[in-house]
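Here's the letter readout for the chains.
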There are 2 protein chains.
Amino acid sequence: MNKGIVMKSVGIYHPEKKIGNESFINHFKNMDETLGERVSHLLTHLGRQERYIADFPNENVITMAINASKSAIEKAGIDPLELDGIIFSTDTPEYTSPSNAILLRDALEASNAHTVYDLNANCVGMVVAVDQAQALMKCNKRLKKILVVGSTMIHHFGLETDPITYGALGDAAAAVILETVETDKQIGFIDSVYATRTDLRDYILMPECGMSNIYDSSIPEEKKRWKWQPFDTEEPESRCGEIIKQVLNENGFAVCQANMIFMTQFSEDAIKNVSNALDYPLEQFKYVGNQYGYTGTSSPFMAYYHAITQEQIKENDVVVFCSVGSGLTAASLLYIAG
Amino acid sequence: MNKGIVMKSVGIYHPEKKIGNESFINHFKNMDETLGERVSHLLTHLGRQERYIADFPNENVITMAINASKSAIEKAGIDPLELDGIIFSTDTPEYTSPSNAILLRDALEASNAHTVYDLNANCVGMVVAVDQAQALMKCNKRLKKILVVGSTMIHHFGLETDPITYGALGDAAAAVILETVETDKQIGFIDSVYATRTDLRDYILMPECGMSNIYDSSIPEEKKRWKWQPFDTEEPESRCGEIIKQVLNENGFAVCQANMIFMTQFSEDAIKNVSNALDYPLEQFKYVGNQYGYTGTSSPFMAYYHAITQEQIKENDVVVFCSVGSGLTAASLLYIAG
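Quick caveat, the model's predicted, so the values are computed rather than measured.

Here we come to the UniProt feature "domain: Beta-ketoacyl-[acyl-carrier-protein] synthase III N-terminal" (unreviewed entry) in chain A. UniProt feature "domain: Beta-ketoacyl-[acyl-carrier-protein] synthase III N-terminal" (unreviewed entry): in the numbering of this structure it lies at residues 117-195 of chain A. End C-alpha to end C-alpha, residues 117-195 of chain A measures 24 Å, and it is 27% helix and 41% strand.

See below:
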């Protein structure tokens, strides 16, 4: 018998406030007619239609994470007291002390969750966090159930003049519950491949001025927000294709043997390019970035949630998660459904 | 043959600027004579003599991490290109995008390090990060060498009126290089035990107002800094004793069979209490918090560095790391020297 680490459930949360493209296009048109046109093209290219924006100050990454986690706990049919650990992935932490995971644990009354910490790998964070959780569970017999949550509230910290952080992203959280099962089958998380390059390290910065300058009143507020300088996404897209293929091939699967692939939901066009490069059917990638905007760390799991809800994944299905975080780090994660 | 994950080297960095107790005591005496007296007692109780403070704006958590990492790389006698991953533990990140680990990787020119991310579990962060690194290395054959670094620059973000963050802490970084070895002996990282409680979750906050309120000019700057409300440390101390004993006993060792124990360097008094509770010789705990102040995430590894430098650890020695992060999470990590 081996240890298999499977996903017992997935839950998501999005704020109530839904915003369509029109409102953002008008926002930028009011600044500059040409900019409005460009934003309209950008949103079409990325495959956006709607997104949800957190109701500040009533909502933040922690409240969204609580809601997504409660949904995952309910779907798993477990008691929060069964959780042994909580990992919180975010690049918009509400606090750096204590960890957001501690505050989530408190709200869930998950009093037996002792392995509790935050992780930040930006938009690839939740993929990395799930990979870590499964590794810790394989190595530490005390960890039978871990909650991994990804939550981002980027709009609030963005610039009104930036089409990406203001218009193309959405606020949301996703949560998965990982469980250790004893099995003689090859199920659960199998392997992961990472690929990092650093030449784009200063294209996406938060805060642009660096945190140690945040109290300097001579620095304009806009430098204390997200900087998102557009870059050519061709290389990151082809890198995603490569590491999806690698994680499958090196574990005995051809790409066509994957039943579904859940990629970053940043751009529908990027998914089409990876689909073409891998000669893999577009319909087996799930795209939900049109409904939620780009929700960063949670985004591949927002897509996974929809696939689970629509019963598109059955036992023994081969699944790959793949995303890219700023800087850039890409990661692919191979999973066989339990 | 089994996989053992051992520490190949450890490096540390502290800023040049050294400050003795007198200067802090005078700082608080100038505010209020009684406060000055209290700070003097506090520093004695915690076992402080000196600490180093980062040279802002020339230094930050990333520059300190670069220096500690370079030292660890040099001591290991490896090329940065041999690194497969970099994990950066901090609760004073310079950026939340990209990860500080990405910027460290770039500075080190560690171009083959692909598993690259930040982690935050506050002062227990580096213990958690090392635990994760060893688990990932045991589960993923691609990871043979991982650099784990802990770096904190808290003084700069503290309040001038707060004895703890202003006077009792120090800025520093520590870095360890973990390596996978094939071995038939029981060496390397063996097990870990975590213990979390959340009733003290709002005693240590950064920023006190929450990050989503950081742009609100109606909130005074002091609420945008660290809040450190003193609390009774008796329970966390006894919890440390318990999980040090647990991680040893559950792996076949009596407490007296541990050769050294590296605890949080927050308080010399706390170490004495744990020493008494466990009936374990005080001299086998290494205390360096008198020299560096409390350096948070790096603190147990600052002590480990001194033990290594003084050749106090030999092959097959049984070692425990144990620390506590705000919120609170405590963790103990059992290691057998390779």
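On we go from here.
This part is about the pattern of salt bridges. Summed over all chains, the structure comprises 28 salt bridges over all chains. With its nearest N and O atoms 3.0 Å apart, the salt bridge here joins Asp106 of chain A to Arg201 of chain B. Within this pair, whereas Asp106 of chain A is found in helix α4 (residues 100-108), its partner Arg201 of chain B is found in the loop between β8 (188-196) and β9 (204-205), the two belonging to separate chains. Taking relative accessible area as the criterion, Asp106 of chain A reaches 24% and is therefore assigned partly exposed.

Looking now at the pairing of strand β12 (residues 318-325) of chain A. Residue and element names in this part refer to chain A. Burial analysis of β12 places eight of its eight residues in the buried class, which makes it a mostly covered element. Here β12 shows two buried faces, one formed by Val318, Val320, Cys322 and Val324 and the other by Val319, Phe321, Ser323 and Gly325. Sheet topology places strand β11 (residues 260-263) next to β12; four bridges connect them, and they run parallel. Residue pairing across strands places Ile261 opposite Val320, the latter belonging to β12. Bridge count between β12 and strand β13 (residues 329-336): eight bridges; the pairing is antiparallel. Bridge pairing in β13 places Ser323 opposite Ala331.

Per the UniProt entry, the sites bearing "domain: Beta-ketoacyl-[acyl-carrier-protein] synthase III C-terminal" (unreviewed entry) are residues 248-334 of chain A in this numbering. For residues 248-334 of chain A, the helix share is 32%, the strand share is 21%, and the end-to-end C-alpha distance is 7 Å.

A word on the interface of chain A and chain B. Taken residue by residue, the interface counts 66 residues in chain A and 66 residues in chain B. Both sides of the chain A and chain B interface together cover about 5,700 Å² of buried area, and 53% of this is carbon and sulfur. The salt bridge partner of Arg142 of chain A is Glu250 of chain B, with a shortest N-O separation of 2.7 Å. Applying the counting rule to chain A against chain B returns 45 residue pairs in polar contact (both at pLDDT 80 or more). Those elements that provide at least two residues to the side of chain A that touches chain B are α4, β5 (115-120), α5 (125-139), β8 (188-196) and β9 (204-205) of chain A. Counting residues per element, the side of chain A that touches chain B draws most heavily on α5 of chain A, at seven residues. Bridge count for β5 of chain A against strand β5 (residues 115-120) of chain B is three bridges, and the pairing is antiparallel. Looking at β5 of chain B, one finds that Leu119 of chain A is bridged to Leu119 of chain B.

Let us now look at the domain arrangement of chain A. Size of an interface, as often reported, equals the accessible area lost when the parts are brought together. Residues and elements named next belong to chain A. Splitting chain A by domain gives domain 1 (2-183) and domain 2 (188-336). Taking only C-alpha atoms, the centre of domain 1 and the centre of domain 2 are 14 Å apart. Counting each side, the surface lost to burial between domain 1 and domain 2 is near 3,900 Å², with a carbon and sulfur contribution of 65%. The largest contributions to the domain 1 side of the interface with domain 2 come from Met7, Cys123 and Val127, which together make up 17% of the buried area. Where domain 1 touches domain 2, the interface holds zero salt bridges. Remark: the boundary between domain 1 and domain 2 carries 25 residue pairs in polar contact (both at pLDDT 80 or more). Those elements that place two or more of their residues in the side of domain 1 that touches domain 2 are β1 (2-13), α2 (33-46), β3 (50-52), α5, β6 (145-152), α6 (163-168) and β7 (172-183). Top element by residues in the side of domain 1 that touches domain 2 is α5. It accounts for eight residues.

Looking now at the relation of the copies chain A and chain B. One copy of the chain maps onto the other through a rotation about an axis followed by a shift along the same axis. Of the transformation superimposing chain A on chain B, the axial component is 0.0 Å and the angular component is 180 degrees, with the fit at an RMSD of 0.0 Å. Between the two chains, the operation in question is that of a two-fold axis. Of the C-alpha atoms belonging to chain A, the one lying closest to the rotation axis is found on Leu119 of chain A, 2.2 Å away. Looking at the interface residues of chain A, 100% of them are also at the interface in chain B, so both copies use one shared face.

So, about unusual backbone geometry. Residue Met206 of chain A is joined to Pro207 of chain A through a cis peptide bond whose omega torsion reads -15 degrees. Here Pro207 of chain A shows up in the loop between β9 and β10 (227-228). Of note, Glu109 of chain A is a non-glycine position whose phi angle comes to about 55 degrees, a positive value. Locating Glu109 of chain A in the fold gives a position in the loop between α4 and β5. Unusually for a residue other than glycine, Asp279 of chain B sits at a positive phi of about 50 degrees. Assignment of secondary structure puts Asp279 of chain B in the loop between α8 (268-278) and α9 (289-292).

Right, let's talk about empty space enclosed by the protein for a bit. In this structure the tally under the stated criterion is nine cavities of 30 Å³ or more. If you trace the largest cavity, you find 16 residues lining it, with Pro93 and Asn120 of chain A together with Thr90, Pro93 and Asn120 of chain B closest to the centre. At the level of elements, β5 of chain A together with β5 of chain B are the ones that each hand at least two residues to the lining of the largest cavity. Partitioning the lining of the largest cavity into residue classes produces six nonpolar, eight polar and two charged. In this structure, the second largest cavity spans a volume of roughly 80 Å³. As for the second largest cavity, its lining consists of Thr96, Met211, Ile214 and Tyr215 of chain A together with Asp91, Thr92, Pro93, Phe157, Met206, Met211, Ile214 and Lys224 of chain B. Residues belonging to the lining of the second largest cavity are distributed by class as follows: eight nonpolar, two polar and two charged.

Residues Leu248, Phe301 and Phe321 of chain A together with Phe301 and Phe321 of chain B are the most contacted members of the largest nonpolar core, which totals 150 residues. Not counting residues up to four positions away in its chain, the partners in contact with Phe301 of chain B are Met7, Val10, Ile12, Met126, Val127, Val130, Ala174, Val176 and Phe321 of chain B. Among the nonpolar cores identified, the runner-up in size contains 112 residues, and Val39 and Phe266 of chain A together with Leu83 and Trp226 of chain B belong to it.

Glancing now at the sheet that holds β5 of chain A. The ten strands are arranged β1(A)-β7(A)-β6(A)-β4(A)-β5(A)-β5(B)-β4(B)-β6(B)-β7(B)-β1(B) in an open sheet whose pairing can be described as mixed. Bordering the open sheet on either side are β1 of chain A together with β1 (2-13) of chain B, each of which pairs with just one other strand. Here the average twist between neighbouring strands, direction ignored, is 20 degrees. Where strand β6 (residues 145-152) of chain B meets strand β7 (residues 172-183) of chain B, eight bridges bridge the pair, whose relative direction is antiparallel. Each residue of the ladder has a partner; that of Val148 of chain B, found in β7 of chain B, is Val176 of chain B. Against the sheet, helix α3 (residues 61-76) of chain A makes contact with β1, β4 (85-89), β6 and β7 of chain A, and its axis sits at roughly 125 degrees relative to β1 of chain A, the strand it touches most.

Rules used in this analysis
Residues numbered from 1 in each chain as written. Chains lettered and ligands numbered in written order. Predicted model: local features only at pLDDT ≥ 70, side-chain atom pairs only at ≥ 80, totals over all residues. Heavy atoms only, no water. UniProt positions renumbered as here; feature names shortened; annotations may be inferred. Helix = DSSP H or I, 4+ residues; strand = E, 2+ residues; numbered from the N terminus. Salt bridge = Lys/Arg side-chain N within 4 Å of Asp/Glu carboxyl O. Buried < 20%, exposed > 50% of the residue type's maximum accessible area, 1.4 Å probe, protein only. Pairing = 2+ DSSP bridges. Contact = heavy atoms within 4.5 Å. Buried area = accessible area lost by both parts, 1.4 Å probe. Polar contact = N/O pair within 3.5 Å; in protein donor to acceptor, adjacent residues only side chain to side chain. Domains from an automatic or database assignment. Least-squares fit on C-alpha atoms with pLDDT ≥ 70 in both. 1 Å grid on protein atoms, 1.4 Å probe; cavity = no way out; pocket = protein on both sides within 12 Å on 5 of 7 lines; lining within 4 Å. Points joined across faces, edges and corners; volume = space filled by probe spheres on them. Nonpolar A, V, L, I, M, F, W, Y, C, P; charged D, E, K, R; others polar. Core = buried A, V, L, I, M, F, W, Y, C linked by side-chain atoms within 4.5 Å. Axes fitted to C-alpha atoms, helices over the stretch in contact; angles between N-to-C directions.

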